[in-house]
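# Fold and contact review
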Amino acid sequence: QVQLVESGGGVVQAGGSLRLSCAASGGLFNAMAWFRRAPGKDREFVVGISWTGGATDYADSVKGRFTISRDNAKNTMYLEINSLKPEDTAVYYCAASFGCNGSRYCNYNYWGQGTQVSVSS
């Protein structure tokens, strides 16, 4: 059974940092990604990564501040978030696909329950 479990969210002041984790089980996913849903807004793609980590796709709004990585031995994906802004406040979701390459255009079939990130100004 496929399962994605996010962790690492919390409340942080603007300018601070967080590290989110997504532990996967039930399969080895070629593509993994982070999405987020801010209050009152639609879910949006944040960043995706291929199996080898050689291909990544970042949303323009997070380039330079967010860093995605994965450890396939642990079947875990990470998101380092630096220089947090209040507008980064959202529920962050882990997503995965057995196909694709981590692009924002991938069809991500599997989703975690999300972890809340709240940034205070």
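These numbers come from a predicted model, not from an experiment.

Cut-offs used in this document
- Residues numbered from 1 in each chain as written.
- Predicted model: local features only at pLDDT ≥ 70, side-chain atom pairs only at ≥ 80, totals over all residues.
- Heavy atoms only, no water.
- Helix = DSSP H or I, 4+ residues; strand = E, 2+ residues; numbered from the N terminus.
- Rg over C-alpha atoms; globule rule 2.2 N^0.38 Å.
- Buried < 20%, exposed > 50% of the residue type's maximum accessible area, 1.4 Å probe, protein only.
- Pairing = 2+ DSSP bridges.
- Polar contact = N/O pair within 3.5 Å; in protein donor to acceptor, adjacent residues only side chain to side chain.
- Contact = heavy atoms within 4.5 Å.
- Phe/Tyr/Trp six-rings, centres within 6.5 Å; stacked < 30°, edge-to-face > 60°.
- Lys NZ or Arg CZ within 6 Å of the ring centre and 35° of its normal.
- Axes fitted to C-alpha atoms, helices over the stretch in contact; angles between N-to-C directions.

The helix and strand tally for the chain stands at zero helices and eleven strands. Across the chain, helices and strands are ordered from the amino to the carboxyl terminus as β-β-β-β-β-β-β-β-β-β-β. Taking 14 Å as the expected radius of gyration for a compact globule of 121 residues, we find that the chain reaches 13 Å, a close match to that expectation. With respect to the principal axes defined by its C-alpha atoms, the chain has extents near 40 × 25 × 25 Å. The burial tally for the chain puts 46% of its 121 residues in the buried class.

Here we take up the pairing of strand E4 (residues 31-37). Of all seven residues that make up E4, six are buried, and the element is covered over most of its length. Summarising the sheet, E4 and strand E9 (residues 90-97) pair through seven bridges and their orientation is antiparallel. Across the sheet, Ala33 pairs through a bridge with Ala95, a residue of E9. Strand direction decides the pairing type here: E4 and strand E5 (residues 43-49), joined by six bridges, are antiparallel. The partner of Arg37 across the bridge, within E5, is Arg43. Following E4, the chain reverses through five residues before pairing antiparallel with E5; Gly40 in that reversal takes a positive phi of roughly 75°.

Before going further, it helps to examine the side chain of Ser50. Looking at where Ser50 falls in the secondary structure, it is placed in the loop between E5 and strand E6 (56-58). Here Gly54 takes part through its backbone nitrogen, which lies 3.4 Å from a polar atom of the side chain of Ser50. Sequence-distant contacts of Ser50, that is, excluding residues within four places in its chain, are made with Asn30, Ala55, Arg70, Asn101 and Gly102.

Our focus in this paragraph is the packing of aromatic side chains. Within the structure shown, the criterion is met by six aromatic pairs. Ring centres of Phe29 and Tyr110 lie 5.6 Å apart, and the angle between their planes is 55°; this geometry places the pair in the tilted category. You can see Phe29 sitting in the loop between strand E3 (18-25) and E4 and its partner Tyr110 sitting in strand E10 (residues 110-111), a full 81 residues away along the chain. Grouped by ring-pair contacts, the aromatic residues Phe35, Phe45, Tyr108 and Trp111 constitute a single cluster. Looking at Arg19, its charged tip hangs above the ring of Tyr78, at a distance of 4.1 Å from the centre. Across the ring face of Phe35, the terminal group of Arg43 is positioned such that the distance to the ring centre comes to 5.7 Å.

The subject of this paragraph is the sheet that holds E3. Spatial strand order, E1-E3-E8-E7: four strands in an open sheet with antiparallel pairing. Strands with a single pairing partner mark the edges of an open sheet, and in this sheet they are strand E1 (3-7) and strand E7 (66-71). On average, adjacent strands in this sheet sit at an angle of 15° to one another, irrespective of strand direction. As paired elements, E3 and strand E8 (residues 76-81) share six bridges and run antiparallel to each other. Residue pairing for E8: Arg19 is matched across the bridge by Glu80.

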